[in-house]
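Letter by letter, the chains look like this.
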Amino acid sequence: MFNFFSTQNSLRPGMLVLGLMLFAGMILLTGCSEASSQQTTQVKLVLTGSSTVAPLVAEIGKRFESLHPEVRVNVQTGGSSRGVRDAREGLADIGMASRDLKPSEQDMQSFLIAHDGIGIILHKSNSVAALTRQQIIQIYTGKITNWKTFNGKDRSIVIVHKAEGHSTLELFLKYFKLKNTQVKPSVIIGDNEQGIKFVAGNPDALGYVSIGAAEYAEKHGTPLKLLPLEGVPATTAAVQQKRYPFGRPLNLITTNQPSEWAVRFIAFTQSTEVDDLVKDFHYVPIH
Amino acid sequence: MKQRQASRWKSQLGKLPLQISALLSGLIVILILGFLIQQAWPALSEVGVLRLFSDGTWNPTEQVGGASFGMTAMLLGTVFVAGGAILLAAPVGLAIGLFMRFYAPRWLASPYRHVIQLLAGIPSVVFGLWGAVVLVPLIGRYQPPGASLLAGILILGMMILPTVALLAETAIASVPAEYIRASVALGMTRTHIIGKVLLPNAMPGLMTAVVLQTGRAIGETMAVLMVCGNVVQFPGSVFDPVRTLTANIALQMGFALDLHRAALFGSGLILMSLVVVLVWIGHHIQAAQEGSHG
């Protein structure tokens, strides 16, 4: 009996310590996060939206941070629609969109930062050298399903399609005059990188992505190729000369009253100081 | 007397933070549930719970001809991927557990266990990335497109396998040693001991392992998003792509508005109910097992 009690008692301080530690831990955790956010950053710029624009803006953000140490630039992806929505609702200081504003979005203002296009991509080993507009429509609506129709291998075509909310999808549907319900995709991908990885890993795949992102990947050894569209090669040069038929603008989006730092950041992204970064990403500078 | 009172005080003081912590975690579940219902309410009331299942397709943003909110295909996608993964991981995990406990030579057992523990710690996105660049092209070579239900099952199965194995080993280890000694004394073979004595007694622990890891498989998002192809459809075979409810939320939450957004929260509710059902089933199997074994 005595022994029983004594073990009980010896447990209690342990319990007390454990309990207090848990409690203190919780308090410390909340305390810490507040303290650190106050110390290190005075200004925080949040940008969300297009996965095409995001990598470029992240690099521009780094350069901006080095010029203005008091600013932290935070870039998140999620598609152009999210960019416009977040900017409108104040969840982000600046939205990113790889398209023009829609008629329903005219309450916002857009700032052009670069030009890009949308290119049709295949695996490098695919022998097909060109597809007409009509053929692409027939493939995406499931009317042609095998590469041998185009004298390719006897393999079914793996159709890579974009997830909703991405402007690349909206522009693709608009350019080819398709409805999303008509498209019979084999695979649905989120951002450009995922699409490029998938096509690079699948010799039977057909997809469409940002020309800048595809050209960048191709230059860095990814096994894919860009198909010409309506006889014009899908290159940055063709986009620059406005010859490529499927171009698009890359924009930053704000409300009509952007914050002071948002204005400064936008001015910086539109300046010649970042032209080298724009070219690094194989987009076309606005100057 | 005084001392006893003081120690009682101390014990109360020690209990309080524990009680608060316990209360908080319980409260969080209720708060999340309440939040989900509140956010999903527009969809539940305007679209109706029935239409979430009866609408043929998922097309919440379609302007012409009206939006549709059918989640059955994605719900099945989730069930197939998670179910397939656990069907794969449970027997293999059990085998690994038995191996570590009984068959592995002593010099191998301990390092092997560390390897399994390491495997359990690999982040899911790494599994997803590996699946996307290695496994998916591999499957695609035989049966395009490669991104498929099968890829999801294999990746998820691999992800939950180490934890299933470790939990299985713990369950096996918890069977009293006397049982095994008694069986040996009766002259039973090793296979017999495992089959007739060990496994029935370890069953509650094994079921817990299966239930917990199925729950994890249902909730997994990133890896599944990267390898499953994300086409909303009823898969005709394991080589067809599917979209799971979690992948759908991840793909669309960024830009969803109004009813669409509410419907996504609705799918979150469905996921949570799925886990509740799972825990309930696990609980009943366990209760039944314990009942039959005294």
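Conventions used here
- Residues numbered from 1 in each chain as written.
- Chains lettered and ligands numbered in written order.
- Predicted model: local features only at pLDDT ≥ 70, side-chain atom pairs only at ≥ 80, totals over all residues.
- Heavy atoms only, no water.
- Helix = DSSP H or I, 4+ residues; strand = E, 2+ residues; numbered from the N terminus.
- Buried < 20%, exposed > 50% of the residue type's maximum accessible area, 1.4 Å probe, protein only.
- Contact = heavy atoms within 4.5 Å.
- Areas by Shrake-Rupley, 256 points an atom, 1.4 Å probe, with all protein chains shown as cover.
- Phe/Tyr/Trp six-rings, centres within 6.5 Å; stacked < 30°, edge-to-face > 60°.
- Pairing = 2+ DSSP bridges.
- Core = buried A, V, L, I, M, F, W, Y, C linked by side-chain atoms within 4.5 Å.
- Expected span 1.5 Å × (residues − 1).
- Bend = angle between axes of the 7 residues up to and from the residue.
- Domains from an automatic or database assignment.
- Buried area = accessible area lost by both parts, 1.4 Å probe.
- Axes fitted to C-alpha atoms, helices over the stretch in contact; angles between N-to-C directions.
- Parallel < 35°, antiparallel > 145°, perpendicular 65-115°, else oblique.
- Left-handed = near helix turned anticlockwise from the far one by under 90°.
- Nonpolar A, V, L, I, M, F, W, Y, C, P; charged D, E, K, R; others polar.

A. Structural detail: the overall build of chain A. Assigned secondary structure in chain A consists of 10 helices and 10 strands. With 287 residues in all, chain A has 51% of them scored as buried. Restricting to contacts in chain A with at least 6 residues of sequence separation, those with at least 24 account for 73%. Total accessible area on chain A is roughly 13,300 Å²; 57% of this is exposed by carbon and sulfur atoms.

B. Quick look at the packing of aromatic side chains. Residue and element names in this part refer to chain A. Tallying each qualifying case throughout the model produces 15 aromatic pairs over all chains. On the basis of an interplanar angle of 50 degrees and a centroid distance of 5.4 Å, the ring pair of Phe64 and Phe268 is categorised as tilted. A residue pair is termed long-range when its members are at least 10 positions apart, and Phe64 in helix α2 (residues 54-67) and Phe268 in helix α9 (residues 260-269) qualify at 204 residues. The same class applies to Phe64 as to Phe268, namely buried. Ring plane angle 10 degrees and centroid distance 4.2 Å describe the contact between Tyr175 and Phe246, whose orientation is recorded as stacked. Of this pair, Tyr175 sits in helix α5 (residues 167-175) while Phe246 is found in the loop between α8 (236-240) and β9 (247-254), placing the two residues 71 residues apart along the sequence. Pair check on accessibility: Tyr175 and Phe246 agree, each one buried.

C. Representation of the pairing of β9 of chain A. Residues and elements named next belong to chain A. With seven of eight residues buried, β9 lies mostly within the body of the structure. Note: strand β3 (residues 94-97) against β9, three bridges, orientation antiparallel. From the neighbouring strand, Ala97 faces β9, where its bridge partner is Asn251. In terms of strand pairing, strand β4 (residues 109-123) meets β9 through eight bridges, oriented antiparallel. Across the sheet, Leu112 pairs through a bridge with Asn251, a residue of β9.

D. Representation of the nonpolar core in the model. Within the largest apolar cluster, 99 residues are counted, with the highest numbers of intra-cluster contacts made by Ile120, Tyr140, Phe172, Phe176, Leu206, Tyr244 and Phe246 of chain A. Counting residues per element, this core draws most heavily on helix α6 (residues 149-173) of chain B, which supplies 11 residues. The residues contacting Ile120 of chain A, other than those within four sequence positions of it, are Ile136, Phe172, Phe176, Leu206, Gly207, Tyr208, Lys225, Leu226, Leu227, Leu229 and Tyr244 of chain A. Leu47, Met96, Leu277 and Val278 of chain A belong to the second largest nonpolar core, which has 28 residues in total.

E. Focus on the pairing of β4 of chain A. All names here are of chain A. Burial within β4 is extensive, with 11 of its 15 residues counted as buried. Note that β4 and strand β7 (residues 205-210) share five bridges and pair antiparallel. What sits directly across from Leu122, in β7, is Leu206. Direction of pairing for β4 relative to strand β8 (residues 224-227): antiparallel, over a ladder of four bridges. Note on β8: the bridge partner recorded for His123 is Leu224.

F. Helix α5 (residues 124-142) of chain B, seen in detail. Taking 1.5 Å of rise per residue, the 19 residues of α5 of chain B would be expected to cover 27 Å, and the 25 Å separating its terminal C-alpha atoms lies within 8% of that figure. The sharpest bend along α5 of chain B reaches about 45 degrees and sits at Gly131 of chain B. Among the residues making up α5 of chain B, those that are buried are Ser124, Phe127, Gly128, Gly131, Ala132, Leu135, Val136, Pro137, Ile139 and Gly140 of chain B. Where α5 of chain B is buried, its residues meet α6 (192-201) of chain A together with α4 (106-120), α6 and α9 (222-227) of chain B.

G. View of the domain arrangement of chain A. Residue and element names in this part refer to chain A. Per the domain assignment, the segments making up chain A are domain 1 (43-115 + 249-280) and domain 2 (116-240). Each of domain 1 and domain 2 has a C-alpha centre, and the two are 27 Å apart. Contacts between the two partners involve 13 residues from domain 1 and, on the opposite side, 13 residues from domain 2. Buried area between domain 1 and domain 2, summed over both chains or domains, comes out near 880 Å², and the portion from carbon and sulfur atoms is 44%. It is Ser51, Thr52 and His115 that lose the most area in domain 1 upon contact with domain 2, and together they represent 42% of the buried surface on that side.

H. Just the packing of α6 of chain B against helix α8 (residues 190-219) of chain B, in detail. Residues and elements named next belong to chain B. At a minimum axis distance of 9 Å, the contact between α6 and α8 shows a crossing angle of 150 degrees. With respect to their mutual orientation, α6 and α8 come out roughly antiparallel. Pair α6 / α8 crosses with right-handed handedness. Contact with α6, carried on its side by Leu156, Met159, Ile160, Thr163, Val164, Leu167, Ala168, Ala171 and Ile172, involves Leu198, Ala202, Gly205, Leu206, Ala209, Leu212, Gln213, Arg216 and Ala217 of α8 and no other residues of that element. Looking at the contact of α6 with α8 residue by residue, the classes come out as 14 nonpolar, three polar and one charged.

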